[in-house]
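# Inside the fold
Residue strings, one per chain:
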Amino acid sequence: MTTRPDLVLAFGDITEQHADALVNAANSSLLGGGGVDGAIHRKGGPEILAECRALRAGHYGKGLPTGQAVATTAGRLDARWVIHTVGPVWSREEDRSEQLASCYRESLRVADELGARTVAFPAISTGIYGWPMDDGARIAVETVRGTETAVEEVTFVLFDEEAYRAFAKRVRLT
Ligand code: ADP
């Protein structure tokens, strides 16, 4: 059955969350980076990186394209899976909103394939990739609200006050 998931806001570090699947704001190399990506690999341990390397050796030889999502084990994290998705780098010249929306949609599609019922997302692209927080929150909330999925609960895990406020405002408005 597909319904609209409940939205929950949490403050803090996504690697401290429990959910069936935690979403990683990865980069296309799948081989680690800063921000959420660094935290997930540090806390989740080498099993995650090993599966990412195997993905690079197989279907994702050129890396994971922006807007797509793929799952691995969650290693030592309190979850069954990590879903890696690559957000767009924010651009003043080009509207990449559809790619950012795709990250949320594709992550939920992968979650459905896995049978995950609870999924935690960070605010994709709003860190190193420079997306303005208010707009990142708008796209996140509108897309999750507008996606048909069997996922029952989506938690947005917000790392600082600015992010939490932006998402809280958007959840009220949407
Ligand atoms: P991107 O490269 O997609 O911008 P980042 O990981 O740099 O990804 O940042 C995405 C968002 O996640 C930012 O708002 C950042 O503040 C936040 N963030 C960074 N580390 C964590 C963490 N451990 N848990 C949750 N959110 C985090």
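Our subject is the structure listed above.
Quick look at the structure, then.

What counts and what doesn't
Residues numbered from 1 in each chain as written. Predicted model: local features only at pLDDT ≥ 70, side-chain atom pairs only at ≥ 80, totals over all residues. Heavy atoms only, no water. Phe/Tyr/Trp six-rings, centres within 6.5 Å; stacked < 30°, edge-to-face > 60°. Helix = DSSP H or I, 4+ residues; strand = E, 2+ residues; numbered from the N terminus. Expected span 1.5 Å × (residues − 1). Buried < 20%, exposed > 50% of the residue type's maximum accessible area, 1.4 Å probe, protein only. Arc of directions from axis to C-beta. Axes fitted to C-alpha atoms, helices over the stretch in contact; angles between N-to-C directions. Parallel < 35°, antiparallel > 145°, perpendicular 65-115°, else oblique. Left-handed = near helix turned anticlockwise from the far one by under 90°. Contact = heavy atoms within 4.5 Å. Nonpolar A, V, L, I, M, F, W, Y, C, P; charged D, E, K, R; others polar.

## Focus on the packing of aromatic side chains
Per the counting criterion, the structure on display carries five aromatic pairs. Considering the side-chain rings of Phe121 and Phe156, the 6.1 Å spacing of their centres and the 35° angle between planes classify their relative orientation as tilted. Taken together, the residues span a long stretch of sequence, with Phe121 in strand S5 (residues 118–121) and Phe156 in strand S6 (residues 153–158) at a distance of 35 residues. Chaining the aromatic ring pairs together yields one cluster made of Tyr104, Phe121, Phe156 and Phe167.

## A closer look at helix H2 (residues 46–57)
Between its first and last C-alpha atoms H2 spans 16 Å; for 12 residues at 1.5 Å apiece the expected length is 16 Å, and the two agree. Taken together, the buried positions of H2 are occupied by Ile48, Cys52 and Leu55. When H2 is viewed along its axis, its buried side chains cluster within an angular range of 55° and face the same direction. Those residues of H2 that are exposed and aimed more than 90 degrees away from the buried face are Pro46 and Ala57.

## Some words on the packing of helix H4 (residues 133–145) against helix H5 (residues 161–173)
Across the interface, H4 lies against H5 with an axial gap of 9 Å and an inter-helix angle of 45°. Of the possible angle classes, the one that applies to H4 and H5 is oblique. Crossing geometry of H4 relative to H5 is assigned as right-handed. In contact with Met133, Asp134, Gly136, Ala137, Arg138, Ala140, Val141, Glu142 and Arg145 of H4, H5 contributes Glu162, Ala163, Ala166, Phe167, Lys169, Arg170 and Val171. Among the residues forming the contact of H4 with H5, the class breakdown is eight nonpolar, one polar and seven charged.

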